[in-house]
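# Inside the fold
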Amino acid sequence: MSGIAHNLQAVRARIGHARAVTLLAVSKGQGIERIKDAVAAGQKAFGENYVQEAVQKMQQLPPLEWHLIGPLQSNKTRVAAERFDWVQTVASEKIARRLSEQRPAHLAPLNVLIQVNVSGEASKSGIGAAQARGLAAVIAGLPRLRLRGLMAIPEPGADRARYACARDVFEELKSEFGCDTLSMGMTDDMELAIAEGATMVRIGTAIFGERKKREAA
Ligand SMILES: *Cc1c(COP(=O)(O)O)cnc(C)c1O
């Protein structure tokens, strides 16, 4: 068994079987061979932070399910709408409208998550919990997007209330819009996130080991 296959098995064991939780393998900073190892071990959904890096990898791999989990600037929405299956970091009406307009007609509607900021001052990414409902209503009305739920990145060491806040907003979106996905939890906090209701965890280090630091642009 390759190291990555072994790591995937260990992460799946950490997720456990109590409830269905989707494992997203975060492959940013990892080379093609390592992603292929994960694919060979049965992994199908991958998360990337940078649009260009992801597109280069997509061109060298069989069809997989790709999630954008890094911040999205408006000059990259077209490529994101054309190439990804999910965008997890939608935090403004402007970006949502562009993605809907730019999603090609021959593809299924783009799955989107609203990135909600549950860490207050500690993070500048994401929309406040109080604004998330309004943005959800806008997205639900856009023809080429499919609102699936929320994504949150509680800061390291955040207390449970941060996770519970994301879960509360998610529960509202679930009953109002039929959402099914709360993407929350990384290598260091996946057990806590699952205990607090995550339906998807985004795991990089525990699968692939330490990654190369991105060189400054
Ligand atoms: C890098 C990253 C991850 C994975 O983090 P690990 O600690 O390596 O598991 C998950 N989510 C987001 C948004 C990331 O940027």
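Before reading on, note that the structure itself is shown above.
So, a few notes on the structure that sits alongside this text.

Turning our eyes to something else, we now look at the nonpolar core. Formed by 63 residues in total, the largest nonpolar core has its most connected members in Leu99, Ile114, Ile139 and Ile207. Top contributing element to this core by residue count: helix H6 (residues 129–140), with six residues. Setting aside chain neighbours within four positions, we find Ile139 in contact with Val90, Ala96, Val112, Ile114, Leu145 and Leu147. Core analysis: the next-biggest nonpolar cluster, separate from the first, contains eight residues, Val26, Trp86, Met151 and Met200 among them.

Where charged atoms from two side chains of opposite charge come close, those side chains can pair. Scanning all chains against the criterion turns up nine salt bridges. The closest approach of N and O atoms between Glu191 and Arg14, which form a salt bridge, is 2.7 Å. Residue Glu191 is found in helix H8 (residues 190–195), and its partner Arg14 is found in helix H1 (residues 3–15); the two are separated by 177 residues along the sequence. Of the residues examined, Glu191 reaches a relative accessible area of 38% and is grouped as partly exposed. A salt bridge links Glu33 to Lys36; the nearest nitrogen and oxygen atoms lie 4.0 Å apart. One end of the pair is Glu33 and the other is Lys36, both in helix H2 (residues 32–40) and three residues apart, which spans about a single turn. With relative accessibility at 55%, the residue Glu33 sits in the exposed group.

Okay, H2 next. The complete set of buried residues in H2 reads Ile32, Ile35 and Ala38. For H2, the buried positions fall inside an angular range of 120 degrees around the axis, keeping them on one side. Pointing more than 90 degrees away from the buried face of H2 are the exposed residues Glu33 and Ala40. Where H2 is buried, its residues touch H1, strand E2 (45–48), helix H3 (51–58) and helix H9 (205–208).

Below, the discussion takes up the layout of surface pockets. Here the largest pocket is characterised by a volume of approximately 610 Å³. Lining the largest pocket are 28 residues, with Lys28, Ile153, Met186, Arg202 and Arg211 sitting closest to its centre. Of the residues in the lining of the largest pocket, the class split is 13 nonpolar, nine polar and six charged.

About the criteria used
- Residues numbered from 1 in each chain as written.
- Predicted model: local features only at pLDDT ≥ 70, side-chain atom pairs only at ≥ 80, totals over all residues.
- Heavy atoms only, no water.
- Core = buried A, V, L, I, M, F, W, Y, C linked by side-chain atoms within 4.5 Å.
- Buried < 20%, exposed > 50% of the residue type's maximum accessible area, 1.4 Å probe, protein only.
- Helix = DSSP H or I, 4+ residues; strand = E, 2+ residues; numbered from the N terminus.
- Contact = heavy atoms within 4.5 Å.
- Salt bridge = Lys/Arg side-chain N within 4 Å of Asp/Glu carboxyl O.
- Arc of directions from axis to C-beta.
- 1 Å grid on protein atoms, 1.4 Å probe; cavity = no way out; pocket = protein on both sides within 12 Å on 5 of 7 lines; lining within 4 Å.
- Points joined across faces, edges and corners; volume = space filled by probe spheres on them.
- Nonpolar A, V, L, I, M, F, W, Y, C, P; charged D, E, K, R; others polar.

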